[in-house]
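Structure assessment
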Amino acid sequence: MIVGEQKPFEEIWEMIKGHKRLTVFGCNTCVAVCHQGGNKEAGILASLLRMRATQEGVDIEIVDSGIERQCEHEFFDQARDLLEKSEAVLSLACGIGVQFVATKYHSTPVYPALNTTFLGDVIAVGHFTEKCQACGDCVLGITGGVCPVSRCCKRLMNGPCGGSSNGKCEISKDLDCAWQLIIDRLEALGKLDDYEKIPPLKNWSKDRAGGPRSFKLEGI
Amino acid sequence: MIPDGEKTLERQGPEMLYEIPSDWDANIVAFACHYCAFAAADLAGVMRLSYAPNVKIVRLPCTGKLDHIYVLRAFERGIDGVFVAG
């Protein structure tokens, strides 16, 4: 899922304080899982902004709302009236949702309440870690299910560097060396011989190097 | 929240600093668990014990039901303090 972190409250306040009618708009899928941008968080943020507006003596009508996903047209139906009447929208979605709202409501200012941080998993309650960089040419089949693109700091494709020590990366003693994990996993699978094989060159043209990517289903 | 859902009351702003009157009492809302703290408050009533009238009790099925937004809404509507017991 997409993980995001809420921006500092002051930064959000500075963005929106000039408006008169603001909708704080949650996105109840990915960023709700990390408790940063769901409809519940939209309610909390709207309440904090209303109190701040009261303290500052600024007259802003702030309402909160939200939908299940801000990256698909269908989900916007239930909030159409509210968004059309809004002078500005503070979106708690990831960067995709913010852009989607901005495209949909061309003349309405849309502000991001979150910094979109990474594609990750939930390794423990409240603990999210990066696991994918959407490079477009997945190598997990030959790396034992451990991604060197997202989990090796140098994105190395040919084994650990000299900074790997006792299974940890040189940038932090808390960070596992991805290539150590790959070797351990290949060993557990009885496929350590595969480590010696030289894989074909990775196709980086499918990464961002080829510009913004798109994908269209045929026949729809 | 659902679209066009609940709205809070009109705000009275900006907030101004002023002298606190001598007869002022803090307006407190108490969120109490049905099974312990609320039962204690109930027992106090049965025993005809008096307690401060500026504390308003809201019964929750469990204090685990307390939500951020309950506390924030209380403050938005002018409550001076929130007391959670459970």
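Residues numbered from 1 in each chain as written. Chains lettered and ligands numbered in written order. Predicted model: local features only at pLDDT ≥ 70, side-chain atom pairs only at ≥ 80, totals over all residues. Heavy atoms only, no water.

1. Observations regarding the overall build of chain A
Helix and strand content of chain A: seven helices and nine strands. For 220 residues, the compact-globule estimate of 2.2 N^0.38 gives 17 Å, and chain A exceeds it by more than 25% at 22 Å. Taken across its 220 residues, chain A has 40% of its residues classed as buried. Contacts spanning at least 24 positions in sequence make up 58% of the contacts within chain A whose residues lie at least 6 apart. A total accessible area of about 12400 Å² is found for chain A, and carbon and sulfur atoms account for 53% of it. Distance from the positive charge centre (25 side chains) to the negative charge centre (29 side chains) of chain A: 2 Å. (Helix = DSSP H or I, 4+ residues; strand = E, 2+ residues; numbered from the N terminus. Rg over C-alpha atoms; globule rule 2.2 N^0.38 Å. Buried < 20%, exposed > 50% of the residue type's maximum accessible area, 1.4 Å probe, protein only. Contact = heavy atoms within 4.5 Å. Areas by Shrake-Rupley, 256 points an atom, 1.4 Å probe, with all protein chains shown as cover. Lys, Arg positive; Asp, Glu negative; His and termini not counted. Charge placed at Lys NZ, Arg CZ, Asp CG, Glu CD.)

2. Remarks on the nonpolar core
Residue and element names in this part refer to chain A. Grouped together as the largest cluster of nonpolar side chains are 26 residues, with contacts concentrated most on Leu22, Val24, Leu45, Leu49 and Leu90. At the level of elements, strand E1 (2–6), helix H1 (9–16), strand E2 (21–27), helix H3 (39–56), strand E4 (88–91) and strand E6 (114–124) are the ones that each hand at least two residues to this core. Residue contacts for Val24: discarding those within four places in its chain leaves Ala42, Leu45, Ala46, Leu49, Ile62, Val63, Asp64, Ser65, Leu90 and Leu92. Counting ten residues, the second largest nonpolar core, distinct from the first, contains Phe25, Ile67, Phe76 and Tyr105. (Core = buried A, V, L, I, M, F, W, Y, C linked by side-chain atoms within 4.5 Å.)

3. Some remarks on the domain arrangement of chain A
Segmenting chain A into domains produces domain 1 (2–118) and domain 2 (134–201). Computed over C-alpha atoms only, the centres of domain 1 of chain A and domain 2 of chain A are separated by 39 Å. (Domains from an automatic or database assignment.)

4. Some remarks on the pairing of E2(A)
Residues and elements named next belong to chain A. In terms of burial, E2 is a largely internal element, six of the seven residues being buried. Note that E2 and strand E3 (residues 61–67) share seven bridges and pair parallel. Looking across to E3, one finds that Leu22 is bridged to Ile62. (Pairing = 2+ DSSP bridges.)

5. Some details on the confidence of the model for chain B
Confidence along chain B averages 84 in pLDDT terms, with 81% of residues attaining 70 or more. Confidence estimates for the predicted assembly give a pTM of 0.86 and an ipTM of 0.73. (pLDDT = per-residue confidence, 0-100.)

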